[in-house]
Amino acid sequence: RVLVLSFGLNGITRWSRDTGAFLRNYRALIDGILARSPNTKILLQSVYPVGKNDCFSLSKEELNRQIEVLNTHISSLSKEYEKVDYINTAALLADESGALLSNYDVGDGIHLTNEAYRIILTFLCQSISKADS
């Protein structure tokens, strides 16, 4: 009935440099899903923000800027389809600067706590209920 698509940070620096390729691949995925399951409602979930950053060569500020741009593209992509909506779960996890709130960070700046996932799942369930109405 409802499929949630969520992408993480793997390849973020590559995809942010080539958003055209990212969007082509995302469209191909959506088109493939809808061709095989035309009655499925698809929710495109935002990419989550990062906190401290020891895993990437970019600063957390630059990574979060790239994530924000990518999320804008994902949101725009959702508007191309009748059965696709964008779900901004990143906003649930971010502080005023757009970085991952420390209480949702397991300590590496990237991976989320159980509490963060509870918040996300609650929000997704509410979004799915709205999509069904």
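Below or above, wherever it landed, is the structure these notes cover. (Residues numbered from 1 in each chain as written. Predicted model: local features only at pLDDT ≥ 70, side-chain atom pairs only at ≥ 80, totals over all residues. Heavy atoms only, no water.)

Time to look at the overall build of the protein chain. Along its length, the protein chain carries five helices and three strands. When the helices and strands of the protein chain are placed in sequence order, the string is β-α-α-β-α-β-α-α. Relative to the globule expectation of 14 Å for 133 residues, the C-alpha radius of gyration of the protein chain, 15 Å, shows essentially globular dimensions. Each of the three principal axes of the protein chain carries a C-alpha extent, and together these read 40 × 30 × 20 Å. For the protein chain, the residues scored as buried account for 40% of the 133 residues in total. Pairs at least 24 residues apart make up 69% of the contacts formed inside the protein chain by residues separated by at least 6 positions. Accessible surface for the protein chain amounts to roughly 7500 Å². Of this, 51% is attributable to carbon and sulfur atoms. For the protein chain, the centre of its 14 positive side-chain charges and the centre of its 15 negative side-chain charges are spaced 7 Å apart. (Helix = DSSP H or I, 4+ residues; strand = E, 2+ residues; numbered from the N terminus. Rg over C-alpha atoms; globule rule 2.2 N^0.38 Å. Buried < 20%, exposed > 50% of the residue type's maximum accessible area, 1.4 Å probe, protein only. Contact = heavy atoms within 4.5 Å. Areas by Shrake-Rupley, 256 points an atom, 1.4 Å probe, with all protein chains shown as cover. Lys, Arg positive; Asp, Glu negative; His and termini not counted. Charge placed at Lys NZ, Arg CZ, Asp CG, Glu CD.)

Position of Val 69 among the secondary structure elements: in helix α3 (residues 60-78). Judged by its relative accessible area of 36%, Val 69 falls in the partly exposed class. Note: C-alpha distance between Val 69 and Gly 98 (29 residues apart in sequence) is 12 Å.

The next point concerns α3. The end-to-end C-alpha distance of α3 is 26 Å, a good match for the 27 Å that 19 residues give at a rise of 1.5 Å each. All of the buried residues along α3 are Leu 63, Asn 64, Gln 66, Ile 67, Leu 70, Asn 71, Ile 74, Ser 75, Leu 77 and Ser 78. (Expected span 1.5 Å × (residues − 1).)

Spatially, β1-β2-β3 is the arrangement adopted by the three strands of the open sheet, whose pairing is parallel. This sheet does not close on itself; its edge strands, each paired only once, are β1 (2-6) and β3 (84-87). Strand-to-strand, the axes of this sheet are offset by a mean angle of 25°, without reference to chain direction. Sheet analysis places strand β2 (residues 41-45) next to β3, joined by four bridges and oriented parallel. If you follow Ile 42 over to β3, its bridge partner there is Val 84. (Pairing = 2+ DSSP bridges. Axes fitted to C-alpha atoms, helices over the stretch in contact; angles between N-to-C directions.)

Okay, the packing of aromatic side chains next. One pass over the full model with this rule turns up two aromatic pairs. Aromatic pair Phe 7 and Tyr 26: ring centres 4.8 Å apart, planes at 80°, arrangement edge-to-face. Separated by 19 residues along the polypeptide, Phe 7 in the loop between β1 and α1 (12-17) and Tyr 26 in helix α2 (residues 19-36) bring together distant segments of the chain. Aromatic pair Phe 22 and Tyr 26: ring centres 5.4 Å apart, planes at 90°, arrangement edge-to-face. Pair noted here: Phe 22 and Tyr 26 are both in helix α2, with a separation of four residues, about one helical turn. Given a relative accessible area of 7%, Phe 22 falls into the buried group. (Phe/Tyr/Trp six-rings, centres within 6.5 Å; stacked < 30°, edge-to-face > 60°.)

Of all hydrophobic cores here, the largest spans 20 residues; its most connected members are Tyr 26, Ile 30, Ile 42 and Leu 44. Contributing elements (two or more residues each) for this core: α2, β2 and α3. No other element matches α2, which puts six residues into this core. The residues contacting Leu 44, other than those within four sequence positions of it, are Leu 5, Tyr 26, Ile 30, Ile 74, Leu 77, Ser 78, Val 84, Asp 85, Tyr 86 and Ile 87. Counting ten residues, the second-largest nonpolar core is a separate cluster that includes Leu 93, Leu 100, Leu 112 and Leu 124. (Core = buried A, V, L, I, M, F, W, Y, C linked by side-chain atoms within 4.5 Å.)

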